[in-house]
Amino acid sequence: MGDVDPAFVQEQEHRPKLGITEAEGIPIIDLSILSSSDATPDHSQALEGLVKQVGNACRDWGFFQVINHGVSLEKREKIFNASKEFFAQPVEEKNKIRRDDKSMSGYYDTEHTKNVRDWKEVFDFASPNPILMYASCKPHEGEIIKWYNKWPEYYPELREVCEDYAKEIERLAFTLMELIALSLSLQPDRFHGFFKEQTTFIRLNHYPPCPAPHLALGVGRHKDPGALTILAQDDVGGLEVRRKSDGEWIFVKPTPNSYIINVGDVIQVWSNDAYESVEHRVKVNSEKERFSIPYFFNPAHDTLVKPLEEIANEKNPAKFRPYTWGEFLATRKRGNFQKLDVENIQTYHFRVSESADK
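Residues numbered from 1 in each chain as written. Predicted model: local features only at pLDDT ≥ 70, side-chain atom pairs only at ≥ 80, totals over all residues. Heavy atoms only, no water.

Looking at an unreviewed UniProt entry, one finds the protein chain named Fe2OG dioxygenase domain-containing protein, with Manihot esculenta as its source organism. Under the UniProt heading Sequence similarities (unreviewed entry), the entry covering the protein chain gives this text: "Belongs to the iron/ascorbate-dependent oxidoreductase family." (UniProt positions renumbered as here; feature names shortened; annotations may be inferred.)

Next comes the structure, spelled out in structure tokens:
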């Protein structure tokens, strides 16, 4: 991954030291009730309890873990093994499918990414393939193009493993969106229409051992811009979530075979701030490499993102101006390859009020 940037070293030495604690972890929610066909009053009560748990976690944390989720553990293990095999290849081979400004898919390492000092390497692929996207960050000026996945010729098995896994996680994503809809007193399928031509993608992350873990981060503090993120991580761990109640950074202890779920900016807008997208980051390890696989569940490119009419009203005025998801995503993507004179686009730029969502 290269040497640590000296400028980054100086920056990290002078940044505020935020506390890290494991005293109170993010909620763990058992989804096993969803696999039962029981129609008894007790079952209905248990479902209501599950919806309440999801709503509380979204409101109080913006994060939660799920167990007994129904995702094939065999396919989960296969994609982790495939990820390890892919990243073990020589960098010359990985660079043959390097990500560029023509598509969001492919390989990149943060040593060669503009304005990024994170310590990792990545392989992105879209699901479905291809996805429709605006050619320009100004939709009225640009045509619709297709972003195709790039797959390594030397490792043809990777495509099948990744596509099988994507189908498994998509089912979980729609289930979670139904639970979130119910927790907001909406119809369970309220969000489904936004994902008919989804721009979802999956990322294989590899965090090599870092010689100076106190001076670098696997991923710096950020919020996810999409709707929902579903993360699988190995037993090394490294994810930290900023607790809403006091701003402390909380280490997310790995729970075997669980998934970590977090609300993205799009759900924050749809819910009109009822549920908040929360900052998180990844710490590196000096001795062990780490692998993780986030699934970024994103709406269709032409989705107009705005507070839902069932939620925003005279008593609860809309807190965000509408924006087109594809325009937002295309602008963010442009910032990955160009040095911008201004901050890259953020959801809080669309706030109606003067108070920024920071």
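Now, onward.
For the rest of this paragraph, the subject is the side chain of Asp 265. Here Asp 265 lies in helix 6 (residues 265-270). We classify Asp 265 as buried; its relative accessible area is 5%. Here Ser 277 takes part through its side chain, which lies 2.9 Å from a polar atom of the side chain of Asp 265. Contact partners of Asp 265, with chain neighbours within four places excluded, come to Lys 223, Asp 224, Pro 225, Gly 226, Ser 277 and Thr 347. (Helix = DSSP H or I, 4+ residues; strand = E, 2+ residues; numbered from the N terminus. Buried < 20%, exposed > 50% of the residue type's maximum accessible area, 1.4 Å probe, protein only. Polar contact = N/O pair within 3.5 Å; in protein donor to acceptor, adjacent residues only side chain to side chain. Contact = heavy atoms within 4.5 Å.)

Right, let's talk about the pairing of strand 11 (residues 239-242) for a bit. Here strand 11 runs beside strand 14 (residues 280-282); their pairing, made up of three bridges, is antiparallel. Paired with Val 241 across the two strands is His 280, which belongs to strand 14. Of the pairings in the sheet, the one linking strand 11 to strand 12 (residues 249-251) comprises three bridges and is antiparallel in character. What sits directly across from Arg 242, in strand 12, is Trp 249. (Pairing = 2+ DSSP bridges.)

Moving on, we get to the nonpolar core. Judged by nonpolar contacts, the single largest core of 74 residues is most densely connected at Leu 176, Ile 180, Phe 191, Tyr 259 and Trp 270. Take this core: its biggest share by element is 13 residues, from helix 5 (residues 157-183). What Ile 180 contacts, discounting residues up to four positions off in sequence, is Val 54, Cys 58, Phe 191, Leu 228, Ile 267 and Tyr 275. Residues Phe 63, Leu 231, Leu 239 and Val 252 belong to the second largest nonpolar core, which totals 13 residues. (Core = buried A, V, L, I, M, F, W, Y, C linked by side-chain atoms within 4.5 Å.)

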